[in-house]
Amino acid sequence: MKMRVGLGYDVHRLAENRKLIIGGVDIPYEKGLLGHSDADVLVHAIMDALLGASKLGDIGVLFPDSDPKYKDISSITLLKYVKEAMDKKNIKIINIDSIIVAQKPKMRPYIEEMEKNIAKALDISTDDVNVKATTEEELGFTGSGEGISSKAVCFIEM
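Now for a description of the structure that goes with this document. It should be emphasised that the depicted structure is a prediction, and the values quoted were computed from it without experimental measurement.

Basis of the calculations
- Residues numbered from 1 in each chain as written.
- Predicted model: local features only at pLDDT ≥ 70, side-chain atom pairs only at ≥ 80, totals over all residues.
- Heavy atoms only, no water.
- Helix = DSSP H or I, 4+ residues; strand = E, 2+ residues; numbered from the N terminus.
- Expected span 1.5 Å × (residues − 1).
- Buried < 20%, exposed > 50% of the residue type's maximum accessible area, 1.4 Å probe, protein only.
- Arc of directions from axis to C-beta.
- Patch = residues over 30% accessible without salt bridge, like charges linked within 9 Å, V, L, I, M, F, W, Y side chains within 5 Å.
- Areas by Shrake-Rupley, 256 points an atom, 1.4 Å probe, with all protein chains shown as cover.
- Salt bridge = Lys/Arg side-chain N within 4 Å of Asp/Glu carboxyl O.
- Phe/Tyr/Trp six-rings, centres within 6.5 Å; stacked < 30°, edge-to-face > 60°.
- Axes fitted to C-alpha atoms, helices over the stretch in contact; angles between N-to-C directions.
- Parallel < 35°, antiparallel > 145°, perpendicular 65-115°, else oblique.
- Contact = heavy atoms within 4.5 Å.
- Nonpolar A, V, L, I, M, F, W, Y, C, P; charged D, E, K, R; others polar.
- Polar contact = N/O pair within 3.5 Å; in protein donor to acceptor, adjacent residues only side chain to side chain.
- Left-handed = near helix turned anticlockwise from the far one by under 90°.

### Points about helix α4 (residues 111–122)
Reasoning step 1: Over its 12 residues, α4 runs 17 Å from end to end, which matches the ideal 16 Å to within 8%, given 1.5 Å per residue.
Reasoning step 2: Looking only at α4, the buried set comprises Ile111, Met114, Glu115, Ile118, Ala119, Ala121 and Leu122. Projected onto a plane normal to the axis of α4, the buried residues spread over an arc of 165° and lie on a single side. Pointing more than 90 degrees away from the buried face of α4 are the exposed residues Glu112 and Lys120.

Set out below in structure tokens:
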């Protein structure tokens, strides 16, 4: 058995007339994230971490924004597709650690639900999924409220 680590990063611009979906949770806010899918920045970072560790490419290759079938698709659905690809290679997820970087809104009230959504999509325990959130003290594009970013790492066994 081999143990591998994956790293994922994603960022999306905040825009009017979009829902704010993070970790599969619809968060009440005046803006949402702009993207071809639901633009779930957290799930996108987690997918890229898992795909990288598994040597399965990245979300841009698997789910191109030029393909209309992924227009407005739930990123939780895409995460399930990633899990299916990992299952075909008998890859086991050991754990996921992630962070959301956003000045607003506050993420703390939604983190437990995010962890449950991610764990359920990946068929793993919520004990193996950690989501944190931070601000950037009003610095940079996340601090000014222009966008939200997320980073994730994972540990897998193959």
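### A short note on a nonpolar patch on the surface
Reasoning step 1: On the surface, a nonpolar cluster with roughly 300 Å² of combined accessible area is contributed by Val5, Leu7 and Val153.
Reasoning step 2: Here Leu7 is to be found in strand β1 (residues 3–15).

### A look at the packing of aromatic side chains
Reasoning step 1: Overall, the coordinates contain two aromatic pairs when judged by the stated rule.
Reasoning step 2: Arranged with centres 5.4 Å apart and planes meeting at 75°, the rings of Phe63 and Tyr70 form a pair that is edge-to-face. The same class applies to Phe63 and to Tyr70, which are both buried.
Reasoning step 3: Seen in terms of ring centroids, Phe63 and Tyr81 are 6.2 Å apart; in terms of plane orientation they differ by 40°. Their pairing is tilted.

### Let's talk about the packing of helix α1 (residues 41–54) against helix α3 (residues 75–88)
Reasoning step 1: Taken N-terminus to C-terminus, the directions of α1 and α3 make an angle of 10°; their axes are 10 Å apart at the nearest point. By the criterion of interaxial angle, the relationship of α1 to α3 is roughly parallel. In this structure, α1 uses Val43, His44, Ile46, Met47, Leu50, Leu51 and Ser54 to contact α3, whose residues at the interface are Ser75, Ile76, Leu78, Leu79, Val82 and Met86.
Reasoning step 2: The class makeup of the residues in the contact of α1 with α3 is 10 nonpolar, three polar and no charged.

### A short note on the environment of Gln103
Reasoning step 1: In this fold, Gln103 is placed in the loop between β5 (92–101) and α4.
Reasoning step 2: A relative accessible area of 18% places Gln103 in the buried class.
Reasoning step 3: Considered as a pair, Gln103 and Thr135 are 32 residues apart in the sequence and their alpha carbons are 4.7 Å apart.
Reasoning step 4: Among residues more than four places away in sequence, those in contact with Gln103 are Thr135, Glu136, Glu137, Glu138, Thr142 and Gly143.
Reasoning step 5: Here Glu138 takes part through its backbone nitrogen, which lies 3.0 Å from a polar atom of the side chain of Gln103.

### Remarks on the packing of α3 against α4
Reasoning step 1: Running from amino to carboxyl end, α3 crosses α4 at an angle of 40°, the nearest separation of the two axes being 8 Å. For α3 against α4, the interelement crossing comes out right-handed. Residues Ile76, Leu79, Lys80 and Lys83 of α3 touch α4, and the partners they reach there are Asn117, Ile118, Ala121 and Leu122.
Reasoning step 2: Split by residue class, the contact of α3 with α4 holds five nonpolar, one polar and two charged.

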